[in-house]
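Letter by letter, the chains look like this.
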Amino acid sequence: MKLAMIVTKLTGNEENDCARAAEYCRFAAHKGVLPVSPYLNFHHIFTDELGGAVEHLLTSRLARKVDEIWVFGNEQEEEQQKRLEQACREYGNKAKYFNAGDIGEELLLCTMFSEELIEKLEEMEGC
C-alpha cells in the first residue's frame with residue numbers, strides 16, 4: 001500500500017481547513033493509499049514561537065518518506081500548475097494535483113460508504 005502525503009490549501013478558517021484535510025484523506029484511502037496529512041498531524045502541536053518551523057521540518061521529513069504527494073485545491077489550470085510546481089520544489093517531484101471540483105462527486109461518495117472501504121482495506125492487507 002502506497003503512502004501519500006495530503007497537501008491542502010489553508011484558508012485561515014481552521015474548522016473548514018480541518019474538515020477539508022479529513023475529506024481528502026478519506027478520498028485517498030478510498031483510492032487505496034495510506035493518507036497522512038501534515039495539517040491534521042502537526043498543526044497546533046507545537047505552540048511556542050518556533051512551532052511553525054518545527055511543523056515545516058516535520059512536513060519536509062515526511063515528504064521524503066512518502067511514495068506520493070497529493071495536492072488538493074480548486075484553482076483554475078494556471079494556478080493548479082503553480083501549486084503543483086511549488087509542491088515539487090518544496091517536497092520533490094512526486095506530487096500530483098487533484099481539483100476538488102473535478103472529484104466532488106467521488107468525495108461525497110467517500111463519506112457515505114465506510115463499510116466498502118473496510119472491505120477494500122482488508123483485501124489489500126491479504127495481498
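Residues numbered from 1 in each chain as written. Predicted model: local features only at pLDDT ≥ 70, side-chain atom pairs only at ≥ 80, totals over all residues. Heavy atoms only, no water.

**As for the overall build of the protein chain**
The helix and strand tally for the protein chain stands at 6 helices and 4 strands. Whereas a compact globule of 127 residues would reach a radius of gyration of roughly 14 Å, the protein chain reaches 15 Å, a difference of no more than 12%. With respect to the three principal axes, the spread of C-alpha positions in the protein chain is 45 × 30 × 30 Å. Going through the 127 residues of the protein chain one by one, you find that 39% of them count as buried. (Helix = DSSP H or I, 4+ residues; strand = E, 2+ residues; numbered from the N terminus. Rg over C-alpha atoms; globule rule 2.2 N^0.38 Å. Buried < 20%, exposed > 50% of the residue type's maximum accessible area, 1.4 Å probe, protein only.)

**Comments concerning the side chain of Glu75**
Among the structural elements, Glu75 can be located in the loop between strand S3 (68–73) and helix H4 (77–91). Classification of Glu75 by relative accessible area gives buried; the value is 8%. A distance of 2.2 Å separates polar atoms of two side chains, one belonging to Glu75 and the other to Tyr97. Excluding residues within four positions of it along the chain, Glu75 makes contact with Lys9, Gln80, Arg83, Tyr97 and Asn99. (Polar contact = N/O pair within 3.5 Å; in protein donor to acceptor, adjacent residues only side chain to side chain. Contact = heavy atoms within 4.5 Å.)

**Observations concerning the packing of aromatic side chains**
Under the counting rule described, the total for this entry stands at 7 aromatic pairs. Aromatic side chains Tyr24 and Phe72 sit 4.1 Å apart centroid to centroid with 10° between the ring planes, which places their arrangement in the stacked category. In this pair, Tyr24 is assigned in helix H1 (residues 14–30) and Phe72 in strand S3, connecting sequence segments 48 residues apart. On the accessibility criterion, Tyr24 (4% relative accessible area) is buried. Overall, Phe72 belongs to the buried group, its relative accessible area being 1%. With a centroid separation of 5.7 Å and an interplanar angle of 75°, the aromatic rings of Phe27 and Phe98 are classed as edge-to-face. Of this pair, Phe27 sits in helix H1 while Phe98 sits in strand S4 (residues 95–99), and the two are 71 residues apart along the sequence. Exposure remark for Phe98: the relative accessible area of 15% places this residue in the buried category. The rings of Tyr24, Phe27, Trp70, Phe72 and Phe98 are connected pair by pair, giving a single aromatic cluster. (Phe/Tyr/Trp six-rings, centres within 6.5 Å; stacked < 30°, edge-to-face > 60°.)

**A word on the pattern of salt bridges**
Overall, the coordinates contain 8 salt bridges when judged by the stated rule. In this structure, the salt-bridge partner of Lys2 is Glu68, at a minimum N-O distance of 3.1 Å. Here the residue Lys2 occupies a position in the segment before strand S1 (3–8), and Glu68 occupies one in strand S3, the gap between them amounting to 66 residues. Glu78 is the salt-bridge partner of Lys82, the closest N and O atoms lying 4.0 Å from each other. Taken as a pair, Lys82 and Glu78 lie in helix H4 at a separation of 4 residues, close to a single helical turn. (Salt bridge = Lys/Arg side-chain N within 4 Å of Asp/Glu carboxyl O.)

**Focus: the environment of Leu62**
Within the secondary structure, Leu62 is located in helix H3 (residues 51–65). Classification of Leu62 by relative accessible area gives buried; the value is 13%. Distance from Leu62 to Ala4, taken between C-alpha atoms, is 9.7 Å for residues 58 residues apart in sequence. Excluding residues that lie within four positions of it along the chain, Leu62 makes contacts with Met5, Val36, Pro38 and Phe42.

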